[in-house]
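Spelled out, the chains give:
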Amino acid sequence: MSVPDTKKHEVTLKRFLRKNLLYYIIPNVFFNTIIPYFSFTDLNAVHLFDGAQNLARFILPMAFFLPFIITFDILKKTITLSEKGHSEIILPEGFKKVKFIFQLAGINGFCTVSFVFAVMLGLHFGFPELYNYNGAVLAVLLGFTAGVCSVLFTYLPIKKLKKHHLPYTVEDHVDQQQLIKE
């Protein structure tokens, strides 16, 4: 029994996303856990914003660049896959892919860094002034955050692309092209 053409494309997109998720999650979790852990000289004296050993120097750049880069990369690869006809996503004529990619990547990066900064400010003002955090726990938390961001920003951009740029099926696209020619 043969699989319909759109089912083949769906399977291709699912495999593509799973493969890329592994490429994103494994190194991000590893490096965003190991680098802060070995960068903290005294694991019992880590602060959020103050001093030479602070978490902000690791988590704030990660909170912007990780979503930005993953969103940019996955959208670029998915749009290329769609243009080659290996995906169920059909982009409309005149689709401004570069603008869409940069806009969505920027929004994802800005929203994530804003959320992380707000949580850090809440913790900063919620705990006593000279409160020290455990560096090992923060390093693991940073790696966990990198893993969550890797998963979210692999799937959310594709969901957004499907939602806003798949207004019709392949058959509808062919019908619309015939109407335009007439």
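In this text, all values refer to a predicted model and were calculated from it rather than measured experimentally.

Glancing now at the environment of Lys-76. By the secondary structure assignment, Lys-76 is in helix H2 (residues 56-83). Classification of Lys-76 as partly exposed rests on a relative accessible area of 48%. Each C-alpha atom of the pair Lys-76 and Val-98 lies 8.4 Å from the other, and the pair is 22 residues apart in sequence.

So, on to the nonpolar core. The biggest cluster of nonpolar side chains holds 37 residues, and the ones touching the most others in it are Leu-13, Ile-59, Leu-60, Met-120 and Leu-161. Sorting the residues of this core by element identifies helix H1 (5-39), H2, helix H3 (97-126) and helix H4 (135-165) as the ones contributing at least two each. Sorting elements by how many residues they give to this core places H2 first, with 12 residues. In this structure Met-120 touches Leu-48, Phe-49, Leu-55, Ala-56, Ile-59 and Leu-60, once residues within four positions along its chain are discounted.

To continue, consider the confidence of the model for the protein chain. Parts of the prediction with low pLDDT should not have their coordinates interpreted in detail. Per-residue confidence for the protein chain averages 81 on the pLDDT scale, and 84% of its residues sit at or above 70. Averaged pLDDT values for the elements of the protein chain fall to 53 in helix H5 (residues 170-181) and rise to 92 in H3.

Our next topic: H2. Over its 28 residues, H2 extends 40 Å from the first C-alpha to the last, a length consistent with the 40 Å expected when each residue adds 1.5 Å. Downstream of H2 by one or two residues, Gly-85 has phi in the positive range, about 85°.

What follows deals with the pattern of salt bridges. Overall, the coordinates contain two salt bridges when judged by the stated rule. A salt bridge links Lys-77 to Asp-73; the nearest nitrogen and oxygen atoms lie 3.2 Å apart. Here the residue Lys-77 and the residue Asp-73 both occupy positions in helix H2, the gap between them amounting to four residues, near one helical turn. On the basis of relative accessible area, Lys-77 is assigned to the partly exposed category, the value being 31%. In this structure, the salt-bridge partner of Glu-83 is Lys-97, at a minimum N-O distance of 2.9 Å. In this pair, Glu-83 sits in helix H2 while Lys-97 sits in helix H3, placing the two residues 14 residues apart along the sequence.

Quick notes on the rules
- Residues numbered from 1 in each chain as written.
- Predicted model: local features only at pLDDT ≥ 70, side-chain atom pairs only at ≥ 80, totals over all residues.
- Heavy atoms only, no water.
- Helix = DSSP H or I, 4+ residues; strand = E, 2+ residues; numbered from the N terminus.
- Buried < 20%, exposed > 50% of the residue type's maximum accessible area, 1.4 Å probe, protein only.
- Core = buried A, V, L, I, M, F, W, Y, C linked by side-chain atoms within 4.5 Å.
- Contact = heavy atoms within 4.5 Å.
- pLDDT = per-residue confidence, 0-100.
- Expected span 1.5 Å × (residues − 1).
- Salt bridge = Lys/Arg side-chain N within 4 Å of Asp/Glu carboxyl O.

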